[in-house]
Amino acid sequence: MKLQSNRAIWSIAAAALLACASASAAWPDKPITIVVPTAAGGANDAMARTIGQALGVALKQSVIVENKAGANGAIASEYVKRAAPDGYTLMLGYIATHAMNPALQKLRYDPVADFEPVAMVGSSATLMVASPKVKANSAKELVAQLKAGREPGTYASAGNGTAPHFAAEMFKLSTGVDLLHVPYKGSAPAVNDTVAGQTQVMFPSLFTAMAFVKNGQLKAMGVAGSKRSELLPNVPTLAEQGINGVEVSQWYAFFAPAKTPAPIVEQLNAALNKILADKTVIKRLVEHGAEVETMTVPQMRSFMAAEQVKWKKVVQATGLKAD
């Protein structure tokens, strides 16, 4: 009886493997959708469309970019979590959806258990920016003016649990200044209101802020990272201005629903890594402030595990809470 039972188990396993191999062999035979957790027109959206266009050519299949903004990326994350694990629905997740926000509050998705990490895209430094209406021209000057009560103190974020939220709260903790948090539904409206002076300060990614800084719509006050940006060499880091402990590198990566067949995940990883080695794609991303960095699937798994630990520790150390 035991022998028959074992044979039955092996038969079921073999059939499952055969079905998986058959499905992956035919993949892709219909359009692929990349779900973006932010509104159209933002940095994540631009990145998804640049890479998605190249992915369509590489896989000889249509690639559709679908924006599902809201709830600080939770709507998109829950949607992809529930999608069929067949390689036809991907998500361009980032540090907020898969590390920061889950560390800050209980969500209806697990950033590790509910997803297969597919490929790393890269990262972008966090840049402290201010409205042109702000009189200060550096983070150090702004801190002095805020403490003297000569500047109104509000900061915009892309929502609770996003990198701009974390960075601003770390900045407040380091400097002792009082800044009122004004959360938005994505980086695009948050940046727009900072440009208009409705809010005074924001900590977007360099990828998000670069165009606005170049055309004078935002003031670059300091880099929230370990080194200056090659794109803005005259802008000092916050640490150079005496503001320590505010280092936030915002990463971007592709994810698929959990249980997506390994051969499909590996095929996607290889295709995306090849695309991200293309000089034209690299140039487009770098010009906007993103630094391309690729990983294998095992490297992605290790990276994701480390990120969960890192940002939970930050939340514990700072006492950060969702507004």
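Residues numbered from 1 in each chain as written. Predicted model: local features only at pLDDT ≥ 70, side-chain atom pairs only at ≥ 80, totals over all residues. Heavy atoms only, no water.

Chemist: What should I look at first to understand the nonpolar core in this one?
Modeler: Looking at soluble globular proteins, one finds that nonpolar side chains tend to be buried together. Among the nonpolar cores identified, the biggest contains 82 residues, and Met 47, Val 121, Met 128, Phe 171, Leu 238 and Trp 311 are the most heavily contacted of them. The residues contacting Leu 238, other than those within four sequence positions of it, are Met 128, Ala 139, Phe 171, Phe 203, Gly 222, Val 223, Ala 224, Ile 243 and Val 246. Listed in part, the 17 residues of the second largest apolar core include Ala 156, Ala 190, Met 210 and Leu 218. (Core = buried A, V, L, I, M, F, W, Y, C linked by side-chain atoms within 4.5 Å. Buried < 20%, exposed > 50% of the residue type's maximum accessible area, 1.4 Å probe, protein only. Contact = heavy atoms within 4.5 Å.)

Chemist: Mind showing me how you'd approach empty space enclosed by the protein here?
Modeler: Where empty space is left can be seen by rolling a probe of water-molecule size over the atoms. One pass over the full model with this rule turns up two cavities of 30 Å³ or more. The space that makes up the largest cavity amounts to roughly 100 Å³. In terms of lining residues, the largest cavity is bounded by Thr 38, Asn 44, Tyr 94, Ala 158, Pro 164, Ser 187, Met 202, Pro 204, Ser 205, Thr 208, Gln 250 and Tyr 252. Counted as a void, the second largest cavity has a volume near 80 Å³. Forming the walls of the second largest cavity are 13 residues, and the residues nearest its centre are Pro 37, Asn 72, Gly 73, Ala 158 and Gly 186. (1 Å grid on protein atoms, 1.4 Å probe; cavity = no way out; pocket = protein on both sides within 12 Å on 5 of 7 lines; lining within 4 Å. Points joined across faces, edges and corners; volume = space filled by probe spheres on them.)

Chemist: What am I meant to see in helix H4 (residues 95-104) here?
Modeler: Every α-helix carries 3.6 residues per turn, so stepping three or four residues along brings you back to the same face. Of all the ten residues making up H4, ten are buried; the element is thus mostly covered by neighbouring parts of the structure. Those residues of H4 hidden inside the fold are in contact with helix H3 (74-82), strand S3 (89-94), strand S4 (115-130), helix H6 (163-175), strand S9 (249-257) and helix H11 (297-318). (Helix = DSSP H or I, 4+ residues; strand = E, 2+ residues; numbered from the N terminus.)

Chemist: When you look at helix H7 (residues 187-196) in this model, what are you seeing that I'm missing?
Modeler: When H7 is considered as a whole, its buried residues turn out to be Ser 187, Ala 190, Val 191, Thr 194 and Val 195. Taken down its axis, H7 places every buried residue within 135° of arc, on the same side. Next to the buried residues of H7 lie S4, strand S5 (154-157), strand S7 (201-202) and helix H8 (206-214). Gly 197 lies just past H7 and shows a positive phi near 90°. (Arc of directions from axis to C-beta.)

Chemist: Sorry, what's going on with the pairing of S4 here?
Modeler: Remember that side chains alternate between the two faces of the sheet whenever the strand is regular. Across the 16 residues of S4, 15 count as buried, placing the element largely inside the fold. Direction of pairing for S4 relative to S9: antiparallel, over a ladder of nine bridges. Bridge pairing in S9 places Ala 119 opposite Phe 254. Looking at chain direction, S4 and strand S10 (residues 290-292) are connected through three bridges and run antiparallel. Across the sheet, Ser 124 pairs through a bridge with Ala 290, a residue of S10. Alignment of S4 against strand S8 (residues 219-224), held across five bridges, turns out to be antiparallel. Note on S8: the bridge partner recorded for Ala 130 is Lys 219. Across two bridges, the pairing between S4 and S7 is antiparallel. (Pairing = 2+ DSSP bridges.)

Chemist: So what exactly am I meant to see when it comes to the layout of surface pockets here?
Modeler: Considered as a void within the structure, the largest pocket measures approximately 530 Å³ in volume. Lining of the largest pocket is provided by 22 residues; of these, Ala 125, Lys 227, Arg 228, Ser 229 and Glu 291 occupy positions nearest its centre. Elements supplying a minimum of two residues to the lining of the largest pocket: S4, S8 and S10. Top contributing element to the lining of the largest pocket by residue count: S4, with four residues. A breakdown of the residues in the lining of the largest pocket according to their chemical character gives eight nonpolar, eight polar and six charged. Approximately 190 Å³ is the volume found for the second largest pocket. Every residue lining the second largest pocket is counted, 13 residues in all, and those nearest its centre are Gly 41, Gly 42, Ala 43, Thr 208 and Phe 212. For the lining of the second largest pocket, the secondary-structure elements that each account for two or more residues are helix H2 (43-59), H7 and H8. Residues of the lining of the second largest pocket, tallied by class, amount to seven nonpolar, six polar and no charged. (Nonpolar A, V, L, I, M, F, W, Y, C, P; charged D, E, K, R; others polar.)

Chemist: Before we go on, may I ask you to explain the environment of Thr 199 in this structure?
Modeler: By the secondary structure assignment, Thr 199 is in the loop between H7 and S7. In this structure, the C-alpha to C-alpha distance between Thr 199 and Lys 133, residues 66 residues apart in sequence, is 9.9 Å. Apart from residues no more than four positions distant in its own chain, Thr 199 is found in contact with Ser 131, Thr 154, Tyr 155, Ala 156, Val 182, Tyr 184, Ala 190, Asp 193 and Thr 194.

Chemist: How do you make sense of unusual backbone geometry when you look at a structure like this?
Modeler: Glycine aside, negative phi is the norm for most residues, and most peptide bonds take the trans geometry. Geometrically, the link from Trp 27 to Pro 28 is a cis peptide bond, its omega value of -5° lying close to zero. Along the chain, Pro 28 turns up in the loop between helix H1 (2-26) and strand S1 (32-36). Positive phi outside glycine occurs at Lys 60, with the angle close to 55°. Within the secondary structure layout, Lys 60 lies in the loop between H2 and strand S2 (63-67). For Lys 60, a relative accessible area of 76% gives the class exposed. Of note in this structure, Lys 259 is not a glycine but carries a positive phi near 75°. In this fold, Lys 259 is placed in the loop between S9 and helix H9 (262-275). Assessed through its relative accessible area of 73%, Lys 259 is described here as exposed.

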